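Now for the letters of each chain:
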Amino acid sequence: MATVLSDRDIQTKLSGLPDWSLSGKTITCTRTFKDFVAAVAFVNQLVEPAESAGHHPDLEISYNRVVISLSTHDAGGLTEKDFALAQVISNLG
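In this report, the structure presented in the accompanying data block is examined. Note that the coordinates shown come from a computational prediction; the quantities given were computed from them, not determined experimentally.

What follows covers the environment of D74. Residue position: D74 is located in the loop between strand 4 (65–70) and helix 3 (80–90). Its relative accessible area of 56% is what places D74 among the exposed residues. Spatially, the C-alpha atom of D74 lies 16 Å from that of A50, the residues being 24 residues apart in sequence.

Here you go:
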C-alpha cells in the first residue's frame, strides 16, 4: 500500500503544481475548454495515463469545465501516486 505523505511533503509537491489546490485529503484542478466536445476530448486523454498508473482520478464534467480530483483512497490520503498523476495531467493539452 502507498504511504500517505506528510503535510510538509504535500505542500512541497503542491508548490510544483500551480494549477492544483489542496482540499482536505484531495488535490484538485479545474480546466476550462471552448466547449463540451473539447472537455470530453481532454477527459479521454486521461484514460491511458490513469490506466497505466493504476490510479484513477475523480472527474466532474460540466459543459466546458472539467474538475479533476486525486486522492489515494485505499491509503486514506495523498501519496506519491497522486502527485505523479497530477504532473502527467498538467502536461496534457
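Still more ground to cover, so stick around.
Within the secondary structure layout, R65 lies in strand 4. For R65, a relative accessible area of 31% gives the class partly exposed. For R65, the contacting residues outside a window of four places in its chain are T30, R31, T32, A39 and E60.

The next thing to look at is a nonpolar patch on the surface. A surface patch of nonpolar side chains, about 420 Å² in accessible area, is lined by F36, V37, I61 and Y63. With respect to the element layout, Y63 can be found in the loop between strand 3 (58–62) and strand 4.

A word on the sheet that holds strand 1 (residues 20–23). Hydrogen bonding along the main chain pairs the strands of a sheet, whether they run parallel or antiparallel. Strand order in the open sheet formed by four strands is 1-2-4-3, with antiparallel pairing between adjacent strands. Since the sheet does not close on itself, it has two edges, and those belong to strand 1 and strand 3, each with one partner. The average angle at which neighbouring strand axes cross in this sheet is 25 degrees, direction not considered. Both strand 3 and strand 4 contribute to a ladder of five bridges, which runs antiparallel. Bridged to S62 within strand 4 is R65. Of the strands in this sheet, strand 2 (26–32), strand 3 and strand 4 are in contact with helix 2 (residues 36–53), which crosses strand 4 at around 25 degrees.

Definitions and cut-offs
- Residues numbered from 1 in each chain as written.
- Predicted model: local features only at pLDDT ≥ 70, side-chain atom pairs only at ≥ 80, totals over all residues.
- Heavy atoms only, no water.
- Helix = DSSP H or I, 4+ residues; strand = E, 2+ residues; numbered from the N terminus.
- Buried < 20%, exposed > 50% of the residue type's maximum accessible area, 1.4 Å probe, protein only.
- Contact = heavy atoms within 4.5 Å.
- Patch = residues over 30% accessible without salt bridge, like charges linked within 9 Å, V, L, I, M, F, W, Y side chains within 5 Å.
- Areas by Shrake-Rupley, 256 points an atom, 1.4 Å probe, with all protein chains shown as cover.
- Salt bridge = Lys/Arg side-chain N within 4 Å of Asp/Glu carboxyl O.
- Pairing = 2+ DSSP bridges.
- Axes fitted to C-alpha atoms, helices over the stretch in contact; angles between N-to-C directions.

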